[in-house]
Amino acid sequence: MDPSIVSALSAILGSLVGGFSSIVAAWFTQKGQSQRELIGAQIQRREVLYAEFITECSKLAVDALGRTLESPVTLIHIYALLNRIRLIASDEVVTAAQSAMDGILEQYFQPNMSLTELQEIATSHGNDPLQAFSVACRQELHQIQRGYLRR
């Protein structure tokens, strides 16, 4: 074969391989970046929802200590948040959210607490009805960040 043809073919094949390698590298980079952005958005969306649930439950938990449930309308927002959590969260988070809500509902149907009882609850660290929920959320968010949770 003519050396000039071999040389030309080598140059063309080298250009094709180099160009193809650049395209493949760019594709992998773009895919990885898109996945990181998707995971970041998913984590942010869950953090906002979980924080909203914690805020609302905290208000109701304190309210339940000193009052009985006067109207079921009080619980509308928390039921809506719970069902939004059911749409995106892991089973562990949903179970913990339901448990926190059950505890709050149960407290609404207990007799109102005296100021002394409220002080005892406020100063003890073992009576947080949202602790299990917070822990489950933190674990889920870490799993998502590591890419272990696929829902």
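Here the structure is shown first, and the text comes after it.
Below you will find a few notes about this structure. (Residues numbered from 1 in each chain as written. Predicted model: local features only at pLDDT ≥ 70, side-chain atom pairs only at ≥ 80, totals over all residues. Heavy atoms only, no water.)

1. Points about the side chain of glutamate 56
Working step 1: The residue glutamate 56 is located in helix 1 (residues 3-66) in this model.
Working step 2: Summary of buried charges: glutamate 56 has no salt-bridge partner, and the nearest side chain of opposite charge, lysine 59, is 4.4 Å away. (Helix = DSSP H or I, 4+ residues; strand = E, 2+ residues; numbered from the N terminus. Buried < 20%, exposed > 50% of the residue type's maximum accessible area, 1.4 Å probe, protein only. Lys, Arg positive; Asp, Glu negative; His and termini not counted. Salt bridge = Lys/Arg side-chain N within 4 Å of Asp/Glu carboxyl O.)

2. With respect to the packing of aromatic side chains
Working step 1: Scanning all chains against the criterion turns up two aromatic pairs.
Working step 2: Centre to centre, the rings of tyrosine 50 and phenylalanine 133 are 5.8 Å apart; their planes meet at 80°, and the pair counts as edge-to-face. Here tyrosine 50, found in helix 1, pairs with phenylalanine 133, found in helix 5 (residues 131-146); they are 83 residues apart in sequence, far enough to count as distant.
Working step 3: A relative accessible area of 3% places tyrosine 50 in the buried class.
Working step 4: Arranged with centres 4.8 Å apart and planes meeting at 55°, the rings of phenylalanine 53 and phenylalanine 133 form a pair that is tilted. On the criterion of sequence distance, the pair formed by phenylalanine 53 in helix 1 and phenylalanine 133 in helix 5 is long-range, its members being 80 residues apart. For the pair shown, phenylalanine 53 and phenylalanine 133 are each scored as buried.
Working step 5: An aromatic cluster is built from Tyr50, Phe53 and Phe133, whose rings are joined through pairwise contacts. (Phe/Tyr/Trp six-rings, centres within 6.5 Å; stacked < 30°, edge-to-face > 60°.)

3. A short note on the nonpolar core
Working step 1: One finds Tyr50, Phe53, Ile78, Ile85, Val93 and Phe133 to be the most contacted residues of the largest nonpolar core, which totals 27 residues.
Working step 2: Those elements that provide at least two residues to this core are helix 1, helix 2 (76-88), helix 3 (91-108) and helix 5.
Working step 3: When residues of this core are assigned to their parent elements, the largest contribution, nine residues, is made by helix 3.
Working step 4: When near neighbours in sequence (up to four residues on either side) are disregarded, phenylalanine 133 contacts Tyr50, Phe53, Ile54, Ile85, Val93, Ala96 and Ala97. (Core = buried A, V, L, I, M, F, W, Y, C linked by side-chain atoms within 4.5 Å. Contact = heavy atoms within 4.5 Å.)

4. Focus: helix 3
Working step 1: Between its first and last C-alpha atoms helix 3 spans 26 Å; for 18 residues at 1.5 Å apiece the expected length is 26 Å, and the two agree.
Working step 2: Residues of helix 3 that are buried: Val93, Val94, Ala96, Ala97, Ala100, Met101, Ile104, Leu105, Gln107 and Tyr108.
Working step 3: Packing partners of the buried residues in helix 3 comprise helix 1, helix 2 and helix 5. (Expected span 1.5 Å × (residues − 1).)

5. Some points on the state of the cysteines
Working step 1: Per the counting criterion, the structure on display carries zero disulfides.
Working step 2: Distance from the sulfur of cysteine 57, which forms no disulfide, to the nearest cysteine sulfur (cysteine 137) is 10 Å. (Disulfide = S-S within 2.5 Å.)

6. Things to note about the pattern of salt bridges
Working step 1: Overall, the coordinates contain three salt bridges when judged by the stated rule.
Working step 2: Ionic pairing is found between arginine 46 and glutamate 140, a salt bridge with its closest N-O pair at 3.0 Å. Taken together, the residues arginine 46 in helix 1 and glutamate 140 in helix 5 connect sequence positions 94 residues apart. The pair formed by arginine 46 and glutamate 140 is uniform in burial state, with each residue classed as buried.
Working step 3: Among the ionic pairs, arginine 67 bridges to aspartate 63, the shortest N-O distance being 3.0 Å.
Working step 4: On the basis of relative accessible area, arginine 67 is assigned to the partly exposed category, the value being 37%.

7. Some words on the packing of helix 3 against helix 5
Geometrically, a packed helix pair is captured by the angle between its two axes and the distance between the axes.
Working step 1: Packing of helix 3 against helix 5 brings their axes to within 8 Å, and their N-to-C directions diverge by 165°. Viewed along their axes, helix 3 and helix 5 adopt a mutual orientation that is roughly antiparallel. Taken as a pair, helix 3 and helix 5 cross one another with a handedness that is left-handed. Two secondary-structure elements touch here, helix 3 through Glu92, Val93, Ala96 and Ala97 and helix 5 through Ala132, Phe133, Ala136, Cys137 and Glu140.
Working step 2: In terms of residue class, the contact of helix 3 with helix 5 is made up of seven nonpolar, no polar and two charged. (Axes fitted to C-alpha atoms, helices over the stretch in contact; angles between N-to-C directions. Parallel < 35°, antiparallel > 145°, perpendicular 65-115°, else oblique. Left-handed = near helix turned anticlockwise from the far one by under 90°. Nonpolar A, V, L, I, M, F, W, Y, C, P; charged D, E, K, R; others polar.)

Note that all results are geometric; they support no functional claim without further evidence.
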